[in-house]
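Breakdown of the fold
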Amino acid sequence: MPQQNKKTVLHLLKTTHILNMKYQILAIITIIAFGLTACAPDACEDVNCLNEGVCETGDCVCADGFEGPNCATEQRQAFVGTYSAADECDLGSFSYNVSISADSEAKTEITLNNIGDFNFDITGVVNGTSVTITDQMSNGSTINGTGQLSDGTLIINYTLVNATGQTITCILTGLIQE
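Remember, it's a predicted structure, so these values are computed and weren't measured experimentally.

What counts and what doesn't
- Residues numbered from 1 in each chain as written.
- Predicted model: local features only at pLDDT ≥ 70, side-chain atom pairs only at ≥ 80, totals over all residues.
- Heavy atoms only, no water.
- Helix = DSSP H or I, 4+ residues; strand = E, 2+ residues; numbered from the N terminus.
- Contact = heavy atoms within 4.5 Å.
- Salt bridge = Lys/Arg side-chain N within 4 Å of Asp/Glu carboxyl O.
- Buried < 20%, exposed > 50% of the residue type's maximum accessible area, 1.4 Å probe, protein only.
- Pairing = 2+ DSSP bridges.
- Axes fitted to C-alpha atoms, helices over the stretch in contact; angles between N-to-C directions.
- Core = buried A, V, L, I, M, F, W, Y, C linked by side-chain atoms within 4.5 Å.
- Disulfide = S-S within 2.5 Å.

A closer look at the overall build of the protein chain
When helices and strands are tallied, the protein chain shows 1 helix and 12 strands. Ordered by position from N to C terminus, the α and β elements of the protein chain give α-β-β-β-β-β-β-β-β-β-β-β-β. Long-range contacts, defined here as pairs at least 24 residues apart, represent 29% of the contacts in the protein chain between residues at least 6 apart.

Here's the deal with the pattern of salt bridges
What the rule picks out here adds up to 1 salt bridge. The salt bridge involving Arg76 is made with Glu74; its shortest N-O contact spans 2.2 Å. Grouping residues by exposure puts Arg76 and Glu74 together as buried.

Describing unusual backbone geometry
Despite not being glycine, Asn51 has its phi angle at roughly 50°, a positive value. Relative to the helices and strands, Asn51 resides in the loop between helix H1 (3–39) and strand E1 (54–56). Overall, Asn51 belongs to the partly exposed group, its relative accessible area being 34%. In this structure, Asn114 takes a positive phi of about 80° despite not being glycine. Topologically, Asn114 is positioned in the loop between strand E7 (109–113) and strand E8 (121–127).

Things to note about the sheet that holds strand E12 (residues 167–176)
Ordered by their spatial adjacency, 8 strands build a closed barrel running E5-E6-E7-E8-E9-E10-E11-E12, and the pairing between neighbours is antiparallel. Looking at each pair of strands side by side, their axes are set apart by 30° on average, direction ignored. Both E7 and E8 contribute to a ladder of 5 bridges, which runs antiparallel. Across the sheet, the residue bridging to Ile110 is Gly124, located in E8.

What to know about the pairing of strand E10 (residues 141–150)
Here E10 shows one buried face, formed by Ser141, Ile143, Gly145, Gly147 and Leu149, and one open face, formed by Thr142, Asn144, Thr146, Gln148 and Ser150. With 7 bridges connecting them, strand E9 (residues 130–138) and E10 associate as antiparallel partners. Each residue of the ladder has a partner; that of Val131, found in E10, is Gly147. Adjacent in sequence and paired antiparallel, E9 and E10 are bridged by 2 residues, among which Asn139 carries a positive phi angle near 50°. Once E10 ends, the chain turns through 2 residues before running back antiparallel as strand E11 (residues 153–161), passing Asp151 with a positive phi of about 50°.

Describing the environment of Asp46
The topology assignment puts Asp46 in the loop between H1 and E1. Relative accessible area serves as the criterion here: at 76%, Asp46 is assigned to the exposed category. For the pair Asp46 and Gly58, spaced 12 residues apart in the sequence, the C-alpha separation amounts to 8.4 Å.

Remarks on the nonpolar core
Formed by 24 residues in total, the largest nonpolar core has its most connected members in Phe79, Ile100, Ile115, Ile156, Tyr158 and Leu172. Counting only elements with at least two residues in this core, the list comes to strand E5 (81–89), strand E6 (92–101), E7, E8, E9, E10, E11 and E12. No other element matches the 4 residues that E11 contributes to this core. Once you skip the residues sitting within four places of it in the chain, Tyr158 turns out to touch Asp87, Cys89, Tyr96, Ile115, Gly116, Ile143, Asn144, Gly145, Ile168, Thr169, Cys170 and Leu172.

Focus on the state of the cysteines
A full pass over the atoms with the stated rule returns 4 disulfides. Linked covalently through their sulfurs, Cys44 and Cys55 form a disulfide whose S-S length is 2.1 Å. With the S-S bond torsion at -85°, the cross-link from Cys44 to Cys55 turns out left-handed. Taken together, the positions of Cys44 in the loop between H1 and E1 and Cys55 in strand E1 put the pair 11 residues apart, joining distant regions of the chain. A sulfur-sulfur distance of 2.2 Å marks the disulfide that ties Cys62 to Cys71. Classification of the bridge connecting Cys62 and Cys71 rests on its S-S torsion, roughly -95°, and on that basis the disulfide is left-handed. Take Cys62: its relative accessible area is 24%, and that puts it in the partly exposed class. Classification of Cys71 by relative accessible area gives buried; the value is 0%. By sequence-ordered numbering of the bonded cysteines, the protein chain has its disulfides arranged as 1-3, 2-4, 5-6, 7-8.

Purely spatial values, then, with no claim about function.
Structure below.
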């Protein structure tokens with residue numbers, strides 16, 4: 001075999017050997033990468049999220065209306081009770097009791113009875129410690145407002161438009177009765 005052919009054959013063998021080594025190294029790296037991924041523990045394996053909560057990276061992400069480490073706490077329950085209410089309105093000051101219940105199937109709704117001392121029920125939507133009262137009609141009046149619950153004190157800014165069209169704006173401060 002001529003010298004030139006020997007060099008070509010040797011070169012091809014070296015190149016093939018180097019390529020084979022590169023492919024072997026690439027294969028080993030791939031196997032290690034898959035192995036490390038497959039061995040990673042499931043962060044949600046021992047996490048039990050309740051009330052339609054979903055585990056993401058070891059923590060529960062709660063459905064609307066629920067909170068807590070495993071979504072067991074219904075947010076609206078913090079609002080439930082009877083409050084001694086004091087209204088400061090553009091027509092004067094008033095004192096009365098307001099009761100709040102959580103009987104609705106919608107887990108974010110509460111029922112406020114006797115707001116403004118008008119003895120009618122309205123619905124509020126709870127989000128954490130906030131409550132929103134969207135436009136609702138009762139006894140010929142329309143009411144809406146927003147509020148906040150903090151340490152047993154409920155403050156609601158609301159507007160009532162009565163049947164004659166008179167607008168009454170009030171700030172309710174309610175203290176939960178023990």
